Amino acid sequence: YHILYSIQSFLNCKFYFMVYGSNIIQSKFKPHFTFNALSVINYFIAKKDVVNASNALTKMATLLRSTLDNMNKDLVSYQSEYMICKHYMYLELLRFSDKFDCTFEALNDSVMKEWRVPPGIIEPFLENCVNHAFKGVKSKGLISLSHQIENNCLVICVKDNGVGINTKKIFSEKPHGLDITKEAIKTTSNLYQNPIKLEIKTDGGTIVNLVIPLLKS
């Protein structure tokens with residue numbers, strides 16, 4: 001009975017990741033995001049700004065290709081997710097460079113690069129910063145992503161200096177990118193029997209810590 005239950009649990013998790021993969025695509029390429037990104041690219045083309053138009057098209061194509069490559073995988077390298085997030089924020093900054101800056105801590109550690117993480121687990125928190133952190137804020141904001149290995153876990157920190165969030169309300173609206181991420185964390189933790197921790201707090205803005213243990217594919 002225990003073996004059958006384990007197999008059923010495994011199959012349930014695998015089915016979830018198939019659905020989760022399609023949700024990643026939907027959340028990352030929402031109609032308004034795609035339309036706005038293409039509008040910015042069209043603006044560069046109209047101005048005959050070949051360099052910026054080419055860079056934006058390349059980032060968008062790479063973002064789409066990388067997301068499609070990762071969508072049916074349980075785990076991917078942190079380096080892959082890190083680059084997807086950089087491409088995503090590059091496109092958002094084309095529209096909102098007057099509202100905020102964004103910094104990514106350099107990723108040089110070879111062990112950290114290959115650390116296994118669930119696909120699409122970081123970007124929704126960056127998207128939340130873009131969409132909500134600086135509403136009503138007149139001064140220019142800052143979004144940052146940093147990382148470290150601590151107690152045999154990869155700790156990824158997404159931080160902004162915006163208005164802060166109501167942690168009780170953050171997952172209340174469905175369907176929501178953050179809600180999808182919460183379910184992915186739960187499913188991955190169950191599948192690999194090793195919990196991923198999500199910590200969200202408000203301290204002069206919002207700080208999100210993802211604590212990811214060593215997961216083996």
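Quick notes on the rules
- Residues numbered from 1 in each chain as written.
- Predicted model: local features only at pLDDT ≥ 70, side-chain atom pairs only at ≥ 80, totals over all residues.
- Heavy atoms only, no water.
- Helix = DSSP H or I, 4+ residues; strand = E, 2+ residues; numbered from the N terminus.
- Buried < 20%, exposed > 50% of the residue type's maximum accessible area, 1.4 Å probe, protein only.
- Contact = heavy atoms within 4.5 Å.
- Areas by Shrake-Rupley, 256 points an atom, 1.4 Å probe, with all protein chains shown as cover.
- Expected span 1.5 Å × (residues − 1).
- Pairing = 2+ DSSP bridges.
- Axes fitted to C-alpha atoms, helices over the stretch in contact; angles between N-to-C directions.
- Parallel < 35°, antiparallel > 145°, perpendicular 65-115°, else oblique.
- Left-handed = near helix turned anticlockwise from the far one by under 90°.
- Nonpolar A, V, L, I, M, F, W, Y, C, P; charged D, E, K, R; others polar.

(A) Seen up close, the overall build of the protein. Across its full length, the protein carries seven helices and seven strands. Along the protein, helices (α) and strands (β) appear in the sequence α-α-α-β-α-β-α-β-α-β-β-α-β-β when read from the amino end. Scored against the burial criterion, the 217 residues of the protein give a buried share of 46%. Of all intrachain contacts in the protein linking residues separated by at least 6 positions in sequence, the fraction that spans at least 24 positions is 73%. Accessible surface, the protein as shown: approximately 11900 Å² in total, 55% of it carbon and sulfur.

(B) Structural context of helix α3 (residues 50–70). Between the first and last C-alpha of α3 there are 30 Å, a value that for 21 residues agrees with the 30 Å anticipated at 1.5 Å per step. Burial in α3 covers these residues: A53, A56, M60, T62, L63, S66, T67 and N70.

(C) Representation of the pairing of strand β2 (residues 100–104) in the model. Burial of β2 is one-sided: the residues F100, C102 and F104 facing one way are buried, the residues D101 and T103 facing the other way are not. Here β2 pairs with strand β4 (residues 141–150) via five bridges, running parallel. When the bridges of β4 are listed, F100 appears paired with G141.

(D) Structural detail: the packing of α3 against helix α4 (residues 78–96). Direction vectors running N to C along α3 and α4 enclose 140 degrees, while the axes themselves pass 9 Å from each other. Comparing the axis directions of α3 and α4 gives the class oblique. Two packed elements cross with a definite hand, and for α3 against α4 that hand is left-handed. Here N52, N55, A56, K59, M60, T62, L63, S66, T67 and N70 of α3 lie close against α4, whose contacting residues are S80, E81, I84, H87, Y88, Y90, L91 and L94.

(E) Broad picture of the packing of α4 against helix α6 (residues 123–133). Packing of α4 against α6 brings their axes to within 10 Å, and their N-to-C directions diverge by 10 degrees. With respect to α6, the axis of α4 lies roughly parallel. Both α4 and α6 take part in a crossing whose hand is right-handed. Here C85, Y88, M89, E92 and F96 of α4 lie close against α6, whose contacting residues are E123, L126, E127 and V130. Of the residues belonging to the contact of α4 with α6, the class tally is six nonpolar, no polar and three charged.

(F) How the structure looks around the sheet that holds β4. Taking strand neighbours across the sheet as the criterion, the five strands line up as β2-β4-β5-β7-β6 in an open arrangement whose pairing is mixed. Each having just a single partner strand, β2 and β6 (197–202) make up the two edges of the open sheet. Pairwise comparison of adjacent strand axes, ignoring direction, gives a mean angle of 15 degrees for this sheet. Most of the contacts of α4 go to β2, to which it runs at about 165 degrees, and overall it touches β2, β4 and β5 (153–160). α6 rests against β2, β4, β5, β6 and β7 (206–213) of the sheet, and its axis sits at about 10 degrees to β5.

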